[in-house]
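# Examination of the molecular architecture
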Amino acid sequence: MGNKQTIFTDEQLDAYQDCTFFTRKEILRLHSRYHELAPHLVPMDYTNEPDCKLPLALIVDMPELKENPFRNRIVESFSEDGMGNLSFNEFVDMFSVLSEMAPRELKAIYAFKIYDFNVDNYLCKEDLEKTLNRLTKEELTPEEVELVCEKTIEEADLDGDNKLSYADFENMISRAPDFLRYI
Amino acid sequence: MPRRGAAAEEVGIEIDEDVSDSDDGANRRRANRRQAGGRGGGGARGRGRGKKADSEEEEDEEEEAPKRRARGGNKRGAANKRGGGKNDDDDSEDEAPKKKRGGAANRRKGGKAQESEEDDSEAEKGKRGKRGGKKGGKEEDKGKGKKGDAKGKDKGKDDDKDKKKKKKKDDSSSDSSSNSDEEEESMSEGEMARLMEEVEEKKKLIANIRNKPWRMKRRLVLLREAQQFVDKFEGALGKGKGRKWYAYKVMMTKKWIKFQRDFENFRTACIPWERKIKEVESHFGSSVASYFIFLRWMYGMNLVLFGLTFGLVVIPEVLMGLPYGSIPRKTVPRAEQDTAQDYSVLMDFNGYCKYSVLFYGYYNDQRTIGLLKFRLPLSYLLVGIGSFGYSLMLVIRTMAKNADVGGGDGEEGEFTFAWKMFTSWDYLIGNAETADNKYASITTSFKESIVDEQENQKDENIHLRRFLRVLANFLITCSLGGSGYLIYFVVKRSQEFANRDDLSWYEKNELELIMSLLGLVCPPLFETIAELEDYHPRIALKWQLGRIFALFLGNLYTFLFALFDEVNSKLEEEQSIKNASIWAMKEYYANYSRLLNDTDATPPPMDPGDVIRGPCWETAVGIEFVKLTVSDIQVTYLTILIGDFARAVIVRFLNYCWCWDLEAGFPSYGEFDISGNVLGLVFNQGMIWMGAFYAPGLVGINVLRLLSSMYYQCWAVMATNVPHERVFKASKSNNFYMGLLLLILFLSLLPVVYTIMTLPPSFDCGPFSGKTKMFDVIMETIDLDLPAFMGTLFSYAANPGLIIPAVLLMVLAIYYLNSVSKAYQNSNMELKKKMQMARDEEKNRRNNKDSTNQVMKDLEDLLPNRSLSPPAPPEPEKTPEPEAKPTKTKPGSAGKGVNLQKDVALASSNPNARGPVDRPPGPRGPGPGPGRGRGRGRGPPPR
């Protein structure tokens, strides 16, 4: 590494490279972004894997996520504690999955997690209502929301348990023409 | 781990020996097989011992696959239960001594060595128990200890099998007359193959690890292990050069995707007004956007017409034709010259405008002009016909293409809401304004779908509905008939009035007044009546369009009627002038030759402005159309300015000081009038088609109009209108608009073709002056410019004997194609039904099936570990642990127990979903007690 200050060892970089869809440079850039979020918290030296986490509030303020209606959910589903505190590992993980190189299956899994607001591995009606309200900024009337959620479940629910399991979700999303384009 | 390294070396040596010694291909193959078995299946597999016939072996593999999977699950469970504070370091530590032992044993001798080798593999998988039945003793104890109770049953079964296999092996070994040395070789060779496979497996894992839905920590740890493993054993098996190639490939894929995206962006950027239209669409729905898309399409078509007309007619005339003032038809007559530059005259397209390149009369009848010998008259006629041909072709092609797209409507219905819900957000949006637009568009599209859905759900009184619809249609037919009769009546009266002089103001303008009154009253009336019908707004729009279209046809009819009257009177007038001018000319020549005794036909020394000339009905018609178009533009723009903009301003600002709520109450803001605008556009285009032949400049005016109207209306709709009450989705194919356009095209084709084919062109103006019919110019070209045989060919082709069969043939072809398309439609419907059935079936099937699989478990694993969540971010003991959940749990931890049990259940309940059978059974990793993660690594998420 040509950097004066060593952020990662070569092995670490290689490992990250193998584990994500990023190149060396991109990983270093990610680190600098991560570092910028909280310069006093995040050390520059990551060679000995310091333990440090950034809270949700800092991360959702990134311009990449700022306008996203699901920003909190995204960060939460990538954080191990479910509260939205991200370590650098998880941070890299998040952007790797969101990168355009990530395959459809991987994205589908995380998309499912993102939409799963109450974290029970099923998309139930409340999840859908929340999703819908975020998508439309609560511009639909409650009846309309009700109707849309019912229709969604009716369309995609294959096993008739009135909530969407991952299998249902995957089946539905795999046929969506727009999915890869947008997520 | 030095010890482990040593073990590896030993193994490596063994392998080398094997390779050098082995000369028996079959042997090797067998060994491979056995090794594969040993790896993947654990105990059950390992006992294959490679002495079975190949086919048998294969069979075995097949039937054992599920079992193996089940075992995998069990093993994981067991490992978890055992749980022991072992992280992976411990594992490898554990494994190392065994390995060594195994290696030593290997070197020792024959069957014994083999056993211990087997031992090793099993140990690595944490499946020691299975060997128990065979070997007993210490090994068994250990295995049991590790495996836990869950394993017990399986183990017993495996042991049985074990024994059986062993026997088999012995038999086969005796059969194959291979001595013990050979045995040893094949075995170590097997070891090599196994290793190779394992390394391959690891490599695959390394390559794919980024695709696994695991937490980063786990990925990192697994990666490290895999790399260590590969590094260790790769030396013995030859360097792997896959990684570089893989990296290269990844890079290229990345580049390619980027390029595609850029290209897509570029292409979108090339479509004019795409952003504007999208913006309108996001706020007003696709129905309003469909108007703008139609407008854009029109603009494109008119650009081509413009190119044709200006490129082949107007510009050659300007560049190469005679200049203004050279001949009478290019000069303003003396009587008009004083006022020719007045603004009011110019605005009526008289004066200089009339004698300009914009109109038919300006063109000269010279056969060729300029140095290039450009045949302007011929070009004029061909462009006139070509414009129609091009328009027809384009409209029909677009309709056909749209019909194609429309076919996709049905299957799209499957997941309308779900897709909208989950895939509509564009995760690349980072701009607040774009995000707002996106929110609006998502809301609008939801509303559209909701309207559709409500329409579907409506349960209705079918009889009442039918009655109301019939009633509405009856009323509308009545009013259409009434207005039709009114128009007819008024036109007749106006013909009477034309012969009288003592007309009041009303009588003079009766026709126009009645027409605009009808245009004002009828559309809202129709709309009110249409309320009765209670159609879906999309269908209601179509009805509305059709009805107003019918009404406007009356408009067209009166206009054409008046025009033909004018043309006929002009023709009569022209005839007399022509006679007079010919007479004058004769007189002049007679005097001239008599006085000077010179028969040379020198033209009279007259200023071109003084020459007597005919009324030139073509130019008159052209002017009529241009005037109409311009006044239409003015009216449209003024309507928008007053009806929408002024209204919006008043409503907005007077609302502060008014006694009721203007915004919510009576005047409110205007809605965008889709039907009116579309029809305006369609009829305007009809005018262009009809008028373009007589006024080539009309196309240019129209292009300007469409261009300005795009910006103006986009602005107006965004600034002054409110979305419709029920935003509805326009049908994907706006074929209805196209159908109207086609109808208008046909209607406007008729009069033009009629005039070209039957009316004699003016004798002193236009490119066809002096000919009896306009199309004579073609005959002339054929006669003069083409070789003679072409002329005869054309005369044959024009023979009725040839034309009638051709027409018949075309009719037959149409009939045939029609029936074919009907058949296709039927089969399409059948297929759709079948698809629906298949879907239902799938639903039922899934209802009865436990749909848990590997992905489910991965999801489960990704659930946030609440117990870990600290209020304060940094917690020292968390990060260093590579696998927080499984490794930190102690065997007895009750809280985890439940979770793990679930895991076990998930793993065993649906063995089929756990990964493809054809995959070589993978290594479990080098540790005796693999972490949970390793077990996970086996089954990739089903694709």
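In this text, all values refer to a predicted model and were calculated from it rather than measured experimentally.

## Observations regarding a nonpolar patch on the surface
All names here are of chain B. A cluster of nonpolar side chains, namely L638, L641, I642, F645, V649, F653, Y656 and W715, defines an oily patch on the protein surface of about 810 Å² accessible area. Take the nonpolar patch: its biggest share by element is six residues, from helix α23 (residues 617–654). Note on placement: F653 falls in helix α23.

## Observations concerning the nonpolar core
F292, F294 and F693 of chain B are the most contacted members of the largest nonpolar core, which has 99 residues in total. Look past the residues within four positions of F292 of chain B in its chain and what remains in contact with it is I277, V280, F672, M710, Q713, C714 and V717 of chain B. One finds V92 and Y166 of chain A together with L205 and M421 of chain B within the second-largest nonpolar core, a separate group that totals 89 residues.

## Remarks on the packing of aromatic side chains
Residues and elements named next belong to chain B. Within this structure, the stated rule accounts for 44 aromatic pairs over all chains. Both rings, one in W273 and one in Y711, keep their centres 6.0 Å apart while their planes meet at 85 degrees; by these two values the pair is edge-to-face. Here the residue W273 occupies a position in the loop between α12 (242–270) and α13 (274–320), and Y711 occupies one in helix α25 (residues 697–720), the gap between them amounting to 438 residues. Counting every residue linked through ring pairs, the aromatic cluster contains Y360, Y362, Y363, Y380, W617, F693, Y694 and F768.

## Considering the state of the cysteines
Residues and elements named next belong to chain B. According to the stated counting rule, one finds one disulfide over all chains in the structure shown. In this model, C616 is linked to C765 through a disulfide, with the two sulfur atoms separated by 1.8 Å. With the S-S dihedral at roughly 95 degrees, the linkage between C616 and C765 falls on the right-handed side. Placement of C616 in the loop between α22 (537–596) and α23 and of C765 in the loop between α26 (735–758) and α27 (776–785) is noted, with a sequence separation of 149 residues between them. For the pair C616 and C765, a shared accessibility class is recorded, and that class is buried. C659 carries a free sulfur, and the closest cysteine sulfur to it, the one in C657, is 9.7 Å from it.

## Focus: a negative patch on the surface
A grouping of E527, E531, E671, D673 and E725 of chain B is seen on the molecular surface, where their side chains present a negatively charged patch. Here E671 of chain B falls in the partly exposed class, since its relative accessible area comes to 39%.

## A short note on the packing of helix α5 (residues 71–78) of chain A against helix α7 (residues 104–115) of chain A
Residues and elements named next belong to chain A. α7 packs onto α5 with a crossing angle of 115 degrees between their chain directions and a minimal axis gap of 8 Å. With respect to the hand of their crossing, α5 and α7 are arranged in right-handed fashion. Note on element contacts: α7 touches α5 through Y110, K113 and I114, opposite R73, I74, S77 and F78. Taken together, the residues of the contact of α5 with α7 sort by class into four nonpolar, one polar and two charged.

## Structural notes on the UniProt feature "domain: EF-hand" (unreviewed entry) in chain A
Mapped onto the present numbering, the UniProt feature "domain: EF-hand" (unreviewed entry) falls on residues 103–138 and 144–179 of chain A. Along residues 103–138 of chain A, the helical share is 67% and the strand share 0%, with 32 Å between the first and last C-alpha atoms.

## Structural notes on the side chain of T136 of chain A
Topologically, T136 of chain A is positioned in helix α8 (residues 125–136). We classify T136 of chain A as buried; its relative accessible area is 0%. From its side chain, T136 of chain A meets the backbone oxygen of L132 of chain A in a polar contact 2.9 Å long. Filtering out sequence-adjacent residues up to four positions away, T136 of chain A remains in contact with I442, T443 and F446 of chain B.

Calculation rules
- Residues numbered from 1 in each chain as written.
- Chains lettered and ligands numbered in written order.
- Predicted model: local features only at pLDDT ≥ 70, side-chain atom pairs only at ≥ 80, totals over all residues.
- Heavy atoms only, no water.
- Patch = residues over 30% accessible without salt bridge, like charges linked within 9 Å, V, L, I, M, F, W, Y side chains within 5 Å.
- Areas by Shrake-Rupley, 256 points an atom, 1.4 Å probe, with all protein chains shown as cover.
- Salt bridge = Lys/Arg side-chain N within 4 Å of Asp/Glu carboxyl O.
- Helix = DSSP H or I, 4+ residues; strand = E, 2+ residues; numbered from the N terminus.
- Core = buried A, V, L, I, M, F, W, Y, C linked by side-chain atoms within 4.5 Å.
- Buried < 20%, exposed > 50% of the residue type's maximum accessible area, 1.4 Å probe, protein only.
- Contact = heavy atoms within 4.5 Å.
- Phe/Tyr/Trp six-rings, centres within 6.5 Å; stacked < 30°, edge-to-face > 60°.
- Disulfide = S-S within 2.5 Å.
- Lys, Arg positive; Asp, Glu negative; His and termini not counted.
- Charge placed at Lys NZ, Arg CZ, Asp CG, Glu CD.
- Axes fitted to C-alpha atoms, helices over the stretch in contact; angles between N-to-C directions.
- Left-handed = near helix turned anticlockwise from the far one by under 90°.
- Nonpolar A, V, L, I, M, F, W, Y, C, P; charged D, E, K, R; others polar.
- UniProt positions renumbered as here; feature names shortened; annotations may be inferred.
- Polar contact = N/O pair within 3.5 Å; in protein donor to acceptor, adjacent residues only side chain to side chain.

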